[in-house]
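Breakdown of the fold
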Protein chains: 4
Amino acid sequence: MTNIRTNVLIYTEDIHAHGDPSHRAAYPISLHDGIASAFPEDRYNVRAAEFGNIRESITPDTLAETDVLFWWGHDHHADVPDDISKLIITEVQKGMGFVGLHSAHLSKPLTGLLGSSGTLSWRMSDKERIWTTAPFHPISQGIPEYFDLNDEEVYAEPFDIPTPEDTVFIGWFGGGEVFRAGVTYRRGYGKVFYFQPGHESFPTFYNPTIQQILRNAADWAKPTLRRNGLHCPNVKPM
Amino acid sequence: MTNIRTNVLIYTEDIHAHGDPSHRAAYPISLHDGIASAFPEDRYNVRAAEFGNIRESITPDTLAETDVLFWWGHDHHADVPDDISKLIITEVQKGMGFVGLHSAHLSKPLTGLLGSSGTLSWRMSDKERIWTTAPFHPISQGIPEYFDLNDEEVYAEPFDIPTPEDTVFIGWFGGGEVFRAGVTYRRGYGKVFYFQPGHESFPTFYNPTIQQILRNAADWAKPTLRRNGLHCPNVKPM
Amino acid sequence: MTNIRTNVLIYTEDIHAHGDPSHRAAYPISLHDGIASAFPEDRYNVRAAEFGNIRESITPDTLAETDVLFWWGHDHHADVPDDISKLIITEVQKGMGFVGLHSAHLSKPLTGLLGSSGTLSWRMSDKERIWTTAPFHPISQGIPEYFDLNDEEVYAEPFDIPTPEDTVFIGWFGGGEVFRAGVTYRRGYGKVFYFQPGHESFPTFYNPTIQQILRNAADWAKPTLRRNGLHCPNVKPM
Amino acid sequence: MTNIRTNVLIYTEDIHAHGDPSHRAAYPISLHDGIASAFPEDRYNVRAAEFGNIRESITPDTLAETDVLFWWGHDHHADVPDDISKLIITEVQKGMGFVGLHSAHLSKPLTGLLGSSGTLSWRMSDKERIWTTAPFHPISQGIPEYFDLNDEEVYAEPFDIPTPEDTVFIGWFGGGEVFRAGVTYRRGYGKVFYFQPGHESFPTFYNPTIQQILRNAADWAKPTLRRNGLHCPNVKPM
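As a starting point, this report considers the structure included with it. Note that the structure is a prediction, hence the values are computed from the model and not measured.

**Considerations on the sheet that holds strand β9 (residues 190-195) of chain C**
Residues and elements named next belong to chain C.
- Here we have nine strands laid out as an open sheet, ordered β2-β1-β3-β4-β9-β8-β7-β5-β6, and mixed in their pairing. Lying at the two open borders of the sheet, with one neighbouring strand each, are β2 (44-50) and β6 (146-156). Within this sheet the neighbouring strands show an average axis-to-axis angle of 25°, counted without direction.
- Of the strand pairs in this sheet, strand β5 (residues 121-132) and β6 are connected by eight bridges, and their pairing is antiparallel. Following the sheet pairing, Ser121 is matched in β6 by Ala156.
- Along the sheet, helix α5 (residues 82-94) makes contact with β3 (68-71), β4 (97-101), β8 (178-187) and β9, crossing β9 at roughly 120°.
- Here helix α7 (residues 208-221) sits on the sheet in contact with β1 (6-12), β2, β3, β4, β6, β7 (166-173), β8 and β9, set at roughly 165° to β9.

What follows is the structure, encoded as structure tokens:
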């Protein structure tokens, strides 16, 4: 039954990489293709949004049909229109799931949902080992105690985020850094997950363990209940 | 010593009430005067900001000199410029305290800091009894187990907020409603407190217990540490 | 299929009420019967444990077969053997769900799981109105914005509990009290819910809305994953 | 003025190390001396408790005079009498601070306060780098972004603890492990801090940065308010 498939909308900035050989090597088709390949067609209905068509692809109608929005942005954070970021935040408050990937830590929708700055330290690049720190959490089901990525951009603490509801993953880097790599929040009726791996120069999103985490995140974040709107009703005396 | 006084900046919308007799009766001078009267001069340095002069009174310079910003807004939430709300949110992330009062539950700075919609139900008006649910918290020191307000606007659950770090107060209303009346958060280096009482038609801010809570909130929220900026430094391999 | 029924174990102190007419009026068969009647046989497999047979009914084997343990105790808190309380806490840490009902706020298993004293104020009795403060939570699905109980024992704040992961319900009492009536926690792999209504003198557990909450709590707290034991393995250098 | 010094009680198991050359090399006087040397006499009043004299040194009277209890135990966790662990937990609920050090993750008082099992993985030994993940927290004031310990016992995730109120430090180990090395909780009126470094074979407690953290923890955890007891008063109708 197609009508029980989870509706995933993936936002990327593929325009951003046209001149970058390392990106083309890691994602010969597109970054969207890398992320989308985590979601088999029989269980997920995947659509694409890009910075280049953001006004057409991120609308009240497309968001209303979206169970979980995955957001990968970097160069164009500041160019995302405020009204579109506000649309997304409102839809999360109504129930839509939101997954911020990698450099989305500074994106308007994620920082608007969390209320923190999202600052961190970074360098290029090193081996990362990702530890499962919440083995009881739906997002870590089927994920080993730890797994390795040969190359990832290094993100280091301190990471400016509100205290997470759950810290599902913590990253260890070969050069001596640590980072809270997977953290969860609730905002209104919506669930929010931030996940650190996914620099455009490395084929991280084709890694099977990463793909399992993306599927788990979609399954966890999809709404079971959705509000029609955000109202403050004037009620009667009882 | 004046230099150890806490710098409090109080934002109000006094313009909003010029035509409202109930407001003039409750606050003959101004709503600002009601809130400001909680802060004795020997311990606090109080300044005023109003919607009518928001561009002059809320600037990077005035915020940099502010320990705690109290925010009372209602009619002009949507008119507060986005860039000014962003300035405030950034300053909280750097360390400034923020206290949202009453109808500020829908204000741009508070909803931007919390990431939730701030929706609730409401009606006019009833007796409120406020219970101290976190007697261990700095904001409740000197506050009795409960205290009464003869008249307050009724705010009722469900209140759309992120899970509070501490729920310091819960309000009981004569008509049968409850409301999480005092809740705390941290965002970046800054502390955030939302406090429900304070409708413009009732002299709530002249109540001595309410004034003690405002002082406690200022003392709790003032920064011990402040960041110069919000940067993502590119660090060297170790 | 019987093998997918949720295994519910209900502990009560029915011995406690033999001399109390109000209890016999509210629960002519038994308090166990009141709680158990929330769980239809086709979806739940319900077993009973009582204080009088606690050594036989609460064992490593019975707990290993239990998805969710409901605990109603009052007069015999101190008489529950420490080793049995420890068994329960260990099983929750391994994944079993635990629901503390009413006077269980002072029980050994609940205070041992939460680490707080569970103290509160109380009096007999009044009308209670229960508000849903977390409408997004699985435990509140199908529950109205608020509902009334004509008579319940009054439990009042301050309630000494750790900051809840979610405050699902808040109670309003006719005499002016409020109480965090439904709160959730995680300990190890196990989920914990405390729910305030349920004094033995009132037929609260036969109330259909209360019964829906009990079913929701069982469905939420049943484990999806269970550890075999609680070990600190000595691992090898990597 | 001696009467404003913070009263610190340090529990150790010095008996445990009499046969161990590495312990004697790291702590020629005693483990107590290592921990105590963090606290200058002009600001702290330090007393000692040991497993060998636990019935005399941990009593209602000594705890009532204690602001913060530091707990270092390992071999004798199971031998600590249940009633003494209960005394400690009760005193924390009344307001006393508690700091669990290193192998205290499995101690009766800490697991009783947290309600989780405290399990983790471990091996001997490696370089540790400790990152400050909550630079805004009182416990991290004056502590650099990260600092190194040349040798520490390796503690690895998953660490079975309730979601911390703040994760102040995360440890990185040379062999590829991470660990939430400093975590905070509140129980009743009391503050709780667990801090991972401190194996008896390494002079960790003589490290000046570690000592600053111990002082910060004492200053943070000492009570501002203390309950006389843990009661459930029967209140009157209002």
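**Considering the interface of chain C and chain B**
- Across the boundary between the two partners, chain C contributes 23 residues, which contact 23 residues of chain B.
- Interface area, chain C with chain B, both sides summed: about 1800 Å², of which 63% is carbon and sulfur.
- When residues of chain C are sorted by the area they lose upon contact with chain B, Trp131(C), Trp172(C) and Val178(C) head the list and together hold 29% of the total.
- Across the contact surface, chain C and chain B share zero salt bridges.
- Our count for the chain C to chain B interface comes out at eight residue pairs in polar contact (both at pLDDT 80 or more).
- The greatest single-element share of the side of chain C that touches chain B, amounting to five residues, is contributed by β7(C).

**Points about the interface of chain B and chain A**
- At the interface, 38 residues of chain B touch 38 residues of chain A.
- The contact between chain B and chain A buries some 2700 Å² in all, and 50% of this surface belongs to carbon and sulfur atoms.
- At the junction of chain B with chain A, the criterion picks out two salt bridges.
- Where Asp160(A) meets Arg227(B), a salt bridge forms, and the shortest distance between an N and an O atom there is 3.1 Å.
- Looking at the side of chain B that touches chain A, the elements that each hand over two or more residues are α5 (82-94), α6 (108-114), β5 (121-132) and β8 (178-187) of chain B.
- Among the residues making up the side of chain B that touches chain A, the classes are represented as 14 nonpolar, 15 polar and nine charged.

**Regarding the relation of the copies chain C and chain B**
- When chain C is fitted to chain B, the best match, at an RMSD of 0.0 Å, comes from turning it 180° and sliding it 0.0 Å along the axis. Such a combination of rotation and displacement between the chain copies is what one expects of a two-fold axis.

**Some points on unusual backbone geometry**
- The omega angle of the peptide bond from Met124(C) to Ser125(C) is -25°, so this bond is cis rather than trans.
- Considering the arrangement of structural elements, one finds Ser125(C) in strand β5.
- Phi at His102(A) is positive, roughly 50°, even though this residue is not glycine.
- Considering the arrangement of structural elements, one finds His102(A) in the loop between β4 (97-101) and α6 (108-114).
- Accessibility expressed as a relative area gives 0% for His102(A), which makes it buried.

**As for the layout of surface pockets**
- The space that makes up the second largest pocket amounts to roughly 1400 Å³.
- Along the wall of the second largest pocket there are 47 residues; nearest its centre are Ser85(A), Ile89(A), Lys108(A), Gly112(A) and Lys86(B).
- Mapped by element, the contributors of at least two residues to the lining of the second largest pocket are α5 (82-94), α6, β5 (121-132) and β6 (146-156) of chain A together with α5 and α6 of chain B.
- If one sorts the elements of the lining of the second largest pocket by residue count, α5(A) sits on top with eight residues.
- Tallied by class, the residues present in the lining of the second largest pocket amount to eleven nonpolar, 26 polar and ten charged.

**As for the sheet that holds β8(B)**
Residues and elements named next belong to chain B.
- Read from one edge of the open sheet, nine strands run β2-β1-β3-β4-β9-β8-β7-β5-β6, paired in mixed fashion. Of all the strands in the sheet, just β2 (44-50) and β6 (146-156) have a single pairing partner and so form its edges. Along the sheet, successive strands turn relative to each other by an average axial angle of 25°, direction set aside.
- Lying on the sheet, α5 is in contact with β3 (68-71), β4 (97-101), β8 and β9 (190-195); it crosses β9 at an angle near 120°.
- Contacting β1 (6-12), β2, β3, β4, β6, β7 (166-173), β8 and β9, helix α7 (residues 208-221) runs over the sheet at an angle of about 165° to β9.

**As for the pairing of β1(C)**
Residue and element names in this part refer to chain C.
- Taken across its seven residues, β1 has six buried, putting it largely inside the fold.
- As judged from the seven bridges shared by β1 and β2, these two strands associate in the parallel manner. Bridge pairing links Thr6 to Tyr44 in β2.
- With four bridges joining them, β1 and β3 adopt parallel strand pairing. Bridge pairing in β3 links Tyr11 to Trp71.

**Notes on the packing of aromatic side chains**
- On inspection of all chains with the given rule, the structure shows 54 aromatic pairs over all chains.
- Seen in terms of ring centroids, Tyr155(B) and Phe179(B) are 5.6 Å apart; in terms of plane orientation they differ by 75°. Their pairing is edge-to-face. Note that Tyr155(B) is positioned in strand β6 and Phe179(B) in strand β8, a separation of 24 residues in sequence.
- Taken together, the ring pairs in this structure connect Tyr155(A), Phe159(A), Phe179(A) and Tyr194(A) into an aromatic cluster.
- Taking the ring centre of Trp172(C) as reference, the NZ or CZ of Arg129(C) above it sits at 5.8 Å.

Reading guide: rules and limits
Residues numbered from 1 in each chain as written. Chains lettered and ligands numbered in written order. Predicted model: local features only at pLDDT ≥ 70, side-chain atom pairs only at ≥ 80, totals over all residues. Heavy atoms only, no water. Pairing = 2+ DSSP bridges. Helix = DSSP H or I, 4+ residues; strand = E, 2+ residues; numbered from the N terminus. Axes fitted to C-alpha atoms, helices over the stretch in contact; angles between N-to-C directions. Contact = heavy atoms within 4.5 Å. Buried area = accessible area lost by both parts, 1.4 Å probe. Salt bridge = Lys/Arg side-chain N within 4 Å of Asp/Glu carboxyl O. Polar contact = N/O pair within 3.5 Å; in protein donor to acceptor, adjacent residues only side chain to side chain. Nonpolar A, V, L, I, M, F, W, Y, C, P; charged D, E, K, R; others polar. Least-squares fit on C-alpha atoms with pLDDT ≥ 70 in both. Buried < 20%, exposed > 50% of the residue type's maximum accessible area, 1.4 Å probe, protein only. 1 Å grid on protein atoms, 1.4 Å probe; cavity = no way out; pocket = protein on both sides within 12 Å on 5 of 7 lines; lining within 4 Å. Points joined across faces, edges and corners; volume = space filled by probe spheres on them. Phe/Tyr/Trp six-rings, centres within 6.5 Å; stacked < 30°, edge-to-face > 60°. Lys NZ or Arg CZ within 6 Å of the ring centre and 35° of its normal.

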